[in-house]
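Remarks on the overall topology
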Amino acid sequence: MTALILSPAGFSAIIAAFTVGALGALLLGRHERAAGLWGNLWAAGGSLLGLLYSATALITGDVPAFGVATSFPLLSLSFRIDALSAFFLLVISLVALVSAVYALGYVRHYYGRYPLGSLGLFTNAFIAGMILVVTAHHALWFLIVWELMSLTSYFLVIYERREPENIQAGSLYFIMTHIGTAFIILAFLLMYGATGSFDFGAIGRGMAAASPLLRDGVFLFALIGFGAKAGIIPFHIWLPGAHPAAPSHVSALMSGVMIKTGIYMLVRVCTDFLPGPPPLWWGLTILGSGAVSSLLGVLYALSEHDLKRLLAYHSIENIGIILMGFGSALVFLSAGFTALALLGMIAALFHTLNHATFKALLFFGAGAVISQTHTRNIEEYGGLIRSMPQTALFFLAGSLAISALPPFNGFFSEWMTFQALFAGVGTFSLVTKAVFLLGVGSLAFTGGLAAACFVKAFGVTFLARPRSPEAGRATEAPLSLRLAMAALALATLLLGVIAGGVSRAVGAIVQALPAFQGGALQPASYTLLRVDTGFAAVSLPALTAVLVGVAAAVAGAVHLLTRGRRVTLGRTWDCGADLTGRMEITATAFSRSIVTVFRGVLKPTGQTEIDYHDARLRYFPKSGLVRLEFRDIWAQFFYQPLQKMTLGIAGQIKKIQVGNINVYIGYILVTLTFLLIMLAARP
Amino acid sequence: MKTTLVWTIQFLLIPALSPLAVGVTRKLKALLQNRQGASPFQPYRDLAKLLRKDEVISRDASWVFRVTPYLLFTLTVAAGASIPLVSTALGNPATGDFLVVVYLLALGTFFLALAGIDTGGAFGGFGSSREMLVAALAEGGLILALLTLALLGRTTDLFALAGGIASLPVTDLAPVILAFVGFFVALLAETGRYPFDNPATHLELTMIHEAMILEYSGKRLALIEWSSANKYLLFTALGANLFFPWGLAGSLALGEIALALTVFLGKALVLCAAVALLESTIAKFRIFRLPDLLFTSFILSIIAIGLIG
């Protein structure tokens, strides 16, 4: 049975399901209901097969590998699903499955507005693209499917094409992702030059003997290329525009899993393609950029009041946390502490899984709210907990998880990341210690600021009174949306409570990676999450039991003590004024104090114009103009100069185009002569 | 048997004595200000009074508002049980990790801030906003101060940690003192004391904590007040038993436990007196000067970690 599942036919079945879903949806395009149903059901089926496949591969420990030769000499469609691939395949399939269920109901609000056929086509192709990316075992084939993933997601970003800002976000995404791809191609070409092969296995074997300089070059190109896909600051500028523009179930896929393919390939490059202990600065670079990304990501998120953009910025934050785990793993590897490296890597992969669940959940919640209120502006929500109680509950679970609060899953992966960083602070000295300390500080502040951000996001969206007529008219989301959210909310809680067992399973996956072999993983029990050296431990089931027990005792005691006391409903006190939706705190006001504290980084603008009745005394303003914006320092100081330089160089080069045919013939002559001389000069 | 006894102490000591800690601090403050002051047992009477009262709940409030007091109380008791109060011999690998305690308290803050927004008043929301500002920035200093100890004691388990610090040679204590200063700032911030917040006033300009709980009454207000007192004593206990762990029992013998309990009460009294003295001598800071203080606490702990070498 397992042999059948893991056979090439079993894998082809996954891809076939998505292909049928994609093409069928396109053919059914005219019949909206049928196209939506067809596309999403096949996507759900394909994801189920993917889940089955990856789970079987992980449980049996088999490493299926197969390939199809093509008529092109350098290209072969080869696949290899080792433990790392299987893990990412599992995460992708999991999120794809719930997002397909979610989409069954969600696509309804596109009826009559946008074509459902193309949505089904691109969504299915997108998921298939991601699955192929994490299973490809050949550089050229990888680049093809990488492009498939990037292009289909581009079309999904501009799916709501009548909104001009979506087109703009899509173009930025298109450009950034291809700059990234260019660096990836460079990295692969460098490795091809050194090893003469595009096959991943051969690259890994060949690069072991490559010169350190070449290895450093490959690392840097890969970091930029895959970092752009993962959304590491400063390559993040496409992310907050592109993720929100896509339909919500696709946002969940992009934020939850697509950016993780960048992490997947970074891990591959650093541990598989470039085997042997990595230089110290690789790990420190990744750790440092993770620390910066997570802190800045959460700060940018705080300043957002577009719900989906806010969530997109949190993706940058969480990628930063994953990178901190991965970076510390690399540092430990280079210092030869395999056991600690294992800890960092487990933290990174565990957080990858956790982030996929809670970020998808939050995007689903945001989508449910948006489909009811028809706006992404958080200031126009409010009071939705009464009209959408279940959505509110699920969104709250996601908020608690992403704020790293126990007993939800986000806490445990951050706890492990903390432990990896603590170990680094305790082990190393000088610069390395300082970088680890930067990571600890960044992670500590990130946790607190994320909590602040989600008090804002949840509080302003769901609590108090509606702030707009649309919010007042909202009703509970359809069943399929709630079903998908419920599944993920349960997953965030469950992955938290059984974190000990999950970390053990993830540990087995990491130990299967060649670089981490030999690292002793103490047999942590399923109830206890502990750090190998006995430095730290925590037990989630025990913690949950304590909380539930104390809560029951407290509730019981208070109930007994206060029997017979009346509870009356009254108005909120507000100095005798009649309360309206305008008197509640807004998202902008909520985060303004934190923004003011971090104004050096966020560069907020303040009040710009003010008119006084009495210009000399300046006591009674007649009118004032407040423009609450944030200057994008990355665009201003990094991308705009870069763009200017590119345009300048292009302008210079343009001069050789004079439009006179004789000159062009002259060019040809010069080139020909040059080539002939080169040929003659060859020994 | 002895273990059961000590665990009972662990769970009950904080909620039983926390109103007293608040009362003693108030009494000391009154004495310092040449006032008579209420009896140190006044907070108990206040709680009893509130529990006897009927309750008014805002029409705009959701279940978040109703559940928060219970949750907050539960969390402070659970966190209080997870820290060493009388004996270091009590192993607690399940919840004794310092990050667990910090994040349990953060969970309470999260819900309290939501409850502040929930009633839709203008005060509650601003209280929540300020509370999250202070809480977010205090977390860095708190975690790093405790990390300093963890690096010295080679464990993050608070029970083992207290034992580890107690056995350090006196010459190694400089980082502990520095980290304690950082921790003390975090204590003042987390428990809403001067110069961060004024626990004695509902005056709108100065309030953070009080603004969030403005709409509570009756038993829920009692629970919230009690939880705040729990948190105050919990932080006092953390300061007293982690940074100055001398006097903690090393075993579960009854005599030692009784002695440790007495010593703990003495140390807690000293810390409460320090807070009272501080509150009588300095003024509350402007809100945008608070981050400077919190960053200072963070930096102090960084220096402390640097000193460990």
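Another point: the overall build of chain B. From N to C terminus, chain B includes 11 helices and one strand. Going residue by residue from the N terminus, the α and β elements of chain B occur as α-α-β-α-α-α-α-α-α-α-α-α. Here chain B has a C-alpha radius of gyration of 19 Å; the compact-globule value for 309 residues is 19 Å, and the two agree. Seen through its C-alpha atoms, chain B measures out along the principal axes to roughly 55 × 45 × 40 Å. Within chain B, the proportion of its 309 residues that are buried is 63%.

From N to C terminus, chain A includes 26 helices and seven strands. Here the C-alpha radius of gyration of chain A, 27 Å, is about what a compact globule of 683 residues would show, namely 26 Å. Along the longest, intermediate and shortest principal axes, the C-alpha atoms of chain A span 100 × 70 × 65 Å. For chain A, the proportion of its 683 residues judged to be buried stands at 53%. In chain A, the proportion of contacts linking residues at least 24 apart, taken out of those at least 6 apart, comes to 78%.

The interface is formed by 65 residues belonging to chain A together with 66 residues belonging to chain B. Within the residue set of the side of chain A that touches chain B, elements represented by two or more residues are helix H15 (384-387), helix H17 (409-427), helix H18 (430-462), strand S4 (537-539), helix H22 (540-561), strand S5 (567-570) and helix H23 (587-597) of chain A. Split by residue class, the side of chain A that touches chain B holds 45 nonpolar, 13 polar and seven charged. Both S5(A) and strand S1 (residues 55-58) of chain B contribute to a ladder of four bridges, which runs parallel. Across the sheet, residue Val567(A) finds its bridge partner in S1(B), namely Glu55(B).

On to the domain arrangement of chain A, then. It is common to report an interface's size as the accessible area lost on association of the parts. Per the domain assignment, the segments making up chain A are domain 1 (278-553 + 583-597) and domain 2 (633-681). A straight line from the C-alpha centre of domain 1 of chain A to that of domain 2 of chain A covers 48 Å.

Below, the discussion takes up H18(A). Residue and element names in this part refer to chain A. With 33 residues, H18 ought to run about 48 Å at 1.5 Å a step, and its terminal C-alpha atoms sit 47 Å apart, in line with that. Of all 33 residues making up H18, 29 are buried, and the element is well covered by its neighbours. In the stretch just after H18, Ala464 is the one whose phi turns positive, near 60 degrees.

With that settled, the discussion passes to the packing of helix H5 (residues 116-135) of chain A against helix H6 (residues 139-157) of chain A. All names here are of chain A. Between H5 and H6, the least distance of the axes is 8 Å, while the angle of their chain directions is 150 degrees. By the angle between their axes, H5 is roughly antiparallel relative to H6. Considering the relative orientation of H5 and H6, their crossing is left-handed. The segment H5 lies against H6, with Phe122, Thr123, Ala125, Phe126, Gly129, Met130, Leu132 and Val133 engaging Phe142, Val145, Trp146, Leu148, Met149, Thr152, Ser153, Phe155 and Leu156. For the contact of H5 with H6, the class distribution of residues is 13 nonpolar, four polar and no charged.

With the exception of glycine, most residues fall at negative phi, and the peptide bonds are largely trans. All names here are of chain A. Across the junction of Ile233 and Pro234, the peptide omega takes the value 10 degrees, indicating a cis bond. By the element assignment, Pro234 lies in the loop between helix H9 (212-230) and helix H10 (239-245). Residues Pro406 and Pro407 are joined by a peptide bond in cis, for which omega reads 0 degrees. Mapped onto the secondary structure, Pro407 falls in the loop between helix H16 (389-402) and H17. Positive phi, close to 55 degrees, is recorded for Leu430, a residue that is not glycine.

Attention shifts here to the nonpolar core. When a protein is soluble and globular, its nonpolar side chains tend to lie buried together. Residues and elements named next belong to chain A. Formed by 357 residues in total, the largest nonpolar core has its most connected members in Val95 and Phe364. Examining the composition of this core, we find that 22 residues originate from one element, helix H14 (residues 338-373), more than from any other. The residues touching Val95, leaving out its near neighbours within four places in the chain, are Ala252, Leu253, Gly256, Val257, Ala356 and Ala360.

For the rest of this paragraph, the subject is the packing of helix H1 (residues 2-32) of chain B against helix H3 (residues 63-81) of chain B. Residues and elements named next belong to chain B. It is at 8 Å that the axes of H1 and H3 come closest, and there the two elements cross at 125 degrees. As summarised for this structure, H1 and H3 are arranged oblique, according to the angle between their axes. At the point where H1 passes H3, the crossing takes the right-handed sense. Contacts from Gln10, Phe11, Ile14 and Pro15 of H1 reach H3 at Val77, Gly80 and Ala81. For the contact of H1 with H3, the residue count by class is five nonpolar, two polar and no charged.

A word on the environment of Ala450(A). All names here are of chain A. Here Ala450 is to be found in helix H18. Placed 133 residues apart in sequence, Ala450 and Glu317 show a C-alpha to C-alpha distance of 9.0 Å. Filtering out sequence-adjacent residues up to four positions away, Ala450 remains in contact with Val298, Glu317, Ile402, Ser403 and Ala404.

Its location among the elements puts Phe445(A) in helix H18. The class for Phe445(A) is buried, based on 22 C-beta atoms found within 10 Å. Apart from residues lying up to four places away in sequence, Phe445(A) is in contact with Leu295(A), Ala136(B), Glu139(B) and Gly140(B).

With that out of the way, let us pick up the confidence of the model for chain B. Of all residues in chain B, 98% have pLDDT values of 70 or greater, and the mean over the chain is 91. Across the interfaces of the predicted complex, the ipTM metric reaches 0.96, alongside a pTM of 0.94.

This part is about the environment of Thr375(A). All names here are of chain A. Looking at the secondary structure, you find Thr375 in the loop between H14 and H15. Residue Thr375 is classed as partly exposed on the basis of its 16 C-beta neighbours within 10 Å. Between the C-alpha atom of Thr375 and that of Ala471, which follows or precedes it by 96 residues, the distance is 9.6 Å. Contact partners of Thr375, with chain neighbours within four places excluded, come to Glu380 and Glu470.

Calculation criteria
Residues numbered from 1 in each chain as written. Chains lettered and ligands numbered in written order. Predicted model: local features only at pLDDT ≥ 70, side-chain atom pairs only at ≥ 80, totals over all residues. Helix = DSSP H or I, 4+ residues; strand = E, 2+ residues; numbered from the N terminus. Rg over C-alpha atoms; globule rule 2.2 N^0.38 Å. Buried ≥ 20, exposed ≤ 12 C-beta atoms within 10 Å, placed from the backbone. Contact = placed C-beta atoms within 7 Å. Nonpolar A, V, L, I, M, F, W, Y, C, P; charged D, E, K, R; others polar. Pairing = 2+ DSSP bridges. Domains from an automatic or database assignment. Expected span 1.5 Å × (residues − 1). Axes fitted to C-alpha atoms, helices over the stretch in contact; angles between N-to-C directions. Parallel < 35°, antiparallel > 145°, perpendicular 65-115°, else oblique. Left-handed = near helix turned anticlockwise from the far one by under 90°. Core = buried A, V, L, I, M, F, W, Y, C linked by C-beta atoms within 7 Å. pLDDT = per-residue confidence, 0-100.

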